[in-house]
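The residues making up each chain are set out below.
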Amino acid sequence: MRKLMLILVFNIVLQVSIDAVAFDYVGRNEYEREMISCIKQLEIMDIVRNVEKRWDFDDPIIRRDVFKMAFILKNNGRDYLYWTDKPDGMDAGVIATIEDMKKRRNIPDFADIEIGSDDYYFAYSLTGLGLLYGDVSSVGKTVVDFDRNATYYEALAVICRLFFEWSWKPEYSYSTSFEEPFYYSFSKNIGMINSTNPLDSLCPQIEISQLDMPITAYEFMYILNRAMYIPTTYLTYTYQNPSVRYIDFYTKIDRLEVGERYEDIVD
């Protein structure tokens, strides 16, 4: 009896938490309902917050928010990367550490962020995890461009980088079809998009002609949630001892502590 009561209490708490993430299912087709259900899971796991207040169903998502969600997954939490030591304003020691890391790993200066700013710490936390390499602007400078709408290909790239070692540029090391852009091809190969499995009829379908178009926030979160449950072959630096892994091995967010929320420095 006691065990049954504990199960009932847990189910009630979980259902209350799910119901608290109040999405509108009315008038939605099966694909959209599945998308919303997956986004609910991300909110419950505290990977994203206040989805309905921040985005309408067809709103694009900016690069900053794409990187935030990926960062939370790979960083075991919502704080800046550990070696930034939760800086408060200009911290000469932390900045010196970052600048030294940039030289050792050949990471460029980003022309559109100011040293010591929140974006500075966030950008180099992302580079430390291998999630951000920077883009070359029209005037030849490397930028993070956090507040520009993310494209389909940029979103796929960030999600795919979650599957690889933090210092490994997978597009240089992993063989897929060279007839298509690397991250698009990899996404299809692992079944994250464009699945031909009849049992996966609600898989996102993305044409190559869409890759330079803005992706919506809901589409990005749907694909991110799918990616968390896709097993892939993990290779070490020496290509030895392959094993199956999931990208959410990185996260320590406890799914059972439904009501808990963490300090959110990057939001």
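For the structure given in this document, a descriptive report is provided here.

How each quantity is defined
- Residues numbered from 1 in each chain as written.
- Predicted model: local features only at pLDDT ≥ 70, side-chain atom pairs only at ≥ 80, totals over all residues.
- Heavy atoms only, no water.
- Helix = DSSP H or I, 4+ residues; strand = E, 2+ residues; numbered from the N terminus.
- Buried < 20%, exposed > 50% of the residue type's maximum accessible area, 1.4 Å probe, protein only.
- Core = buried A, V, L, I, M, F, W, Y, C linked by side-chain atoms within 4.5 Å.
- Contact = heavy atoms within 4.5 Å.
- Polar contact = N/O pair within 3.5 Å; in protein donor to acceptor, adjacent residues only side chain to side chain.
- Axes fitted to C-alpha atoms, helices over the stretch in contact; angles between N-to-C directions.
- Parallel < 35°, antiparallel > 145°, perpendicular 65-115°, else oblique.
- Nonpolar A, V, L, I, M, F, W, Y, C, P; charged D, E, K, R; others polar.

### So, the environment of Asp212
Point 1. Topologically, Asp212 is positioned in the loop between helix H8 (182-189) and helix H9 (217-227).
Point 2. A relative accessible area of 70% places Asp212 in the exposed class.
Point 3. Through-space distance from the C-alpha of Asp212 to that of Tyr152 is 6.3 Å; in sequence the pair is 60 residues apart.

### Side note on the nonpolar core
Nonpolar side chains tend toward joint burial in soluble globular proteins.
Point 1. Core analysis: the largest hydrophobic core is formed by 70 residues, its most contacted members being Met192, Phe220 and Met221.
Point 2. When contributions to this core are tallied by element, the ones reaching two or more residues are helix H2 (30-44), helix H4 (63-74), helix H5 (92-104), helix H6 (118-128), helix H7 (152-161), H8 and H9.
Point 3. No other element matches H9, which puts 8 residues into this core.
Point 4. Ignoring anything within four residues of it in the chain, the contact list for Met221 reads Ile39, Leu42, Val48, Val51, Trp55 and Met69.

### With respect to H6
Point 1. The buried count for H6 comes to 9 of 11 residues, which makes it a mostly enclosed element.
Point 2. Those residues of H6 not exposed but buried are Tyr120, Tyr121, Phe122, Ala123, Tyr124, Ser125, Leu126, Thr127 and Gly128.
Point 3. Gly130 sits one or two residues past H6 and shows a positive phi near 75 degrees.

### As for the side chain of Lys74
Point 1. The topology assignment puts Lys74 in helix H4.
Point 2. From its side chain, Lys74 meets the backbone oxygen of Arg161 in a polar contact 3.1 Å long.

### Thoughts on the environment of Lys40
Point 1. Mapped onto the elements of the fold, Lys40 is located in helix H2.
Point 2. Judged by its relative accessible area of 12%, Lys40 falls in the buried class.
Point 3. A C-alpha to C-alpha distance of 9.8 Å links Lys40 and Tyr222, two positions 182 residues apart in sequence.

### Some details on the packing of H4 against H7
Point 1. Viewed as axis vectors pointing N to C, H4 and H7 meet at an angle of 10 degrees, and their least axial separation amounts to 10 Å. One way to sum up the angle between H4 and H7 is to call them roughly parallel. Here H4 contributes Arg63, Val66, Phe67, Ala70 and Lys74 to the contact with H7, which in turn contributes Glu154, Val158 and Arg161.
Point 2. Each residue belonging to the contact of H4 with H7 can be placed in one class, and the counts come to 4 nonpolar, no polar and 4 charged.

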